[in-house]
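Spelled out, the chains give:
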Amino acid sequence: MSSFQLNLNPLKEPLGFSKVLEWIASIFAFATCGGFKGKTEIQVACHPKVSDNKTITATFGYPFRLNEASFQAPQGVNMCDVDWKNHVLIGDYSSSAQFYVTFAVFVFLYCMLLYVGYTNLYRDSRKLPMVDFVVTLVATFLWLVSTSAWAKALTDIKTATGRNIVQELLPCNQQGVICHFGSVTSMGSLNASVIFGFLNMILWGGNAWFVYKETSLHSPSNTSTSHSQGGIPPPTGI
């Protein structure tokens, strides 16, 4: 860690400024997804007391293992002789959610450490910009993959916690048990996480040009440059 030097000057350049945007966008990406907590509610009535509705609730959140989110009836209330704790939501979407959040965290750390703390090495090394260019291309692709997978998982989560849940719950299909969908927590922050994911993909794809300009592919060595500009080669023996 002896090479670590806090330097904010690169933030004034296009490459550094674009990394700041990527850094901020990655924060919003994992924060809007990883910090979500929600619940879905169902109104249940037992025959013959059809008008006496009670609410059962299933709480869920990141990493969205819905098959571990059991329903809870009001404390001390016997709801139609059903043990609601034995009934859960359907689906496990933890792989897509955790992949998305974990990748966003790694991007956050990469941008902060490389461009703020190790700028001196970045400018003096010819290999590090090339590595960064490859990482930028890979990161752009992974943003596309992780965000697309998370967007598909989010669609399934909305379905699994929405109105269709009444049809899937076994007790609701029993005679004498009447179920009506109540409500589900708004998933606006999760929708925003998908938007930030695709925004990150655009930022990283656009930033590839600025990273490319720092590599030896765009800035060849002095020797190669002098030859390409018509420089006189060293004399050879006769």
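Being a predicted model, the structure only gives us computed values, none of them experimental.

About the thresholds
- Residues numbered from 1 in each chain as written.
- Predicted model: local features only at pLDDT ≥ 70, side-chain atom pairs only at ≥ 80, totals over all residues.
- Heavy atoms only, no water.
- Axes fitted to C-alpha atoms, helices over the stretch in contact; angles between N-to-C directions.
- Helix = DSSP H or I, 4+ residues; strand = E, 2+ residues; numbered from the N terminus.
- Parallel < 35°, antiparallel > 145°, perpendicular 65-115°, else oblique.
- Left-handed = near helix turned anticlockwise from the far one by under 90°.
- Nonpolar A, V, L, I, M, F, W, Y, C, P; charged D, E, K, R; others polar.
- Core = buried A, V, L, I, M, F, W, Y, C linked by side-chain atoms within 4.5 Å.
- Buried < 20%, exposed > 50% of the residue type's maximum accessible area, 1.4 Å probe, protein only.
- Contact = heavy atoms within 4.5 Å.
- Disulfide = S-S within 2.5 Å.
- Salt bridge = Lys/Arg side-chain N within 4 Å of Asp/Glu carboxyl O.

## Looking at the packing of helix α4 (residues 127–160) against helix α6 (residues 188–212)
1) Next: At a minimum axis separation of 9 Å, α4 and α6 run at an interaxial angle of 165 degrees. Overall, the two elements α4 and α6 adopt an arrangement that is roughly antiparallel. Relative to α6, the crossing made by α4 is left-handed.
2) Next: Across the contact of α4 with α6, the residue classes tally to 17 nonpolar, 9 polar and 2 charged.

## As for the nonpolar core
1) Next: By size, the foremost hydrophobic cluster in this structure holds 43 residues, and its most contacted members are Val-44, Phe-64, Phe-71 and Trp-150.
2) Next: Going through the elements one at a time, α1 (14–34), β1 (37–46), β2 (49–61), α2 (94–117), α4, α5 (165–168), β4 (177–184) and α6 are the ones with two or more residues in this core.
3) Next: Setting aside its immediate chain neighbours within four residues, Val-44 contacts Asp-52, Asn-53, Lys-54, Ile-56, Met-79, Cys-80, Trp-84, Val-177, Ile-178 and Cys-179.

## Comments concerning the state of the cysteines
1) Next: Enumeration over the complete set of coordinates arrives at 2 disulfides.
2) Next: Bridging Cys-46 to Cys-80, the disulfide has an S-S length of 1.7 Å. Note on the Cys-46 and Cys-80 pair: the S-S dihedral is about -100 degrees, so by sign convention the disulfide is left-handed. One end of the pair, Cys-46, is in strand β1; the other, Cys-80, is in the loop between β3 (71–72) and α2, and 34 residues separate them in sequence.

## A look at unusual backbone geometry
1) Next: At the junction of Tyr-62 and Pro-63, the peptide bond is cis and its omega measures out at 10 degrees in the coordinates.
2) Next: Looking at the secondary structure, you find Pro-63 in the loop between β2 and β3.
3) Next: For Cys-80, which is not glycine, the phi torsion reads 60 degrees and is therefore positive.
4) Next: According to the relative accessible area criterion, Cys-80 is buried, its value standing at 17%.
5) Next: The backbone phi angle of Asp-81 is positive, close to 55 degrees, even though this residue is not glycine.
6) Next: With respect to the secondary-structure elements, Asp-81 resides in the loop between β3 and α2.
7) Next: Note on Asp-81: relative accessible area 69%, which makes it exposed.

## A word on the environment of Ala-160
1) Next: Within the element layout of this structure, Ala-160 appears in helix α4.
2) Next: On the basis of relative accessibility, which here comes to 16%, the residue Ala-160 falls in the buried class.
3) Next: As a C-alpha pair, Ala-160 and Ile-90 span 70 residues in sequence and 6.1 Å in three-dimensional space.
4) Next: Excluding anything up to four places from it in sequence, Ala-160 contacts Leu-66, Leu-89, Ile-90, Tyr-93 and Ile-165.

## Comments concerning the pattern of salt bridges
If charged atoms from side chains of opposite charge come close, those side chains can pair.
1) Next: Applying the stated criterion across every chain yields a total of 3 salt bridges.
2) Next: The salt bridge partner of Asp-156 is Lys-152, with a shortest N-O separation of 2.8 Å. Of this pair, Asp-156 and Lys-152 both sit in helix α4, separated by 4 residues, roughly a single helical turn.

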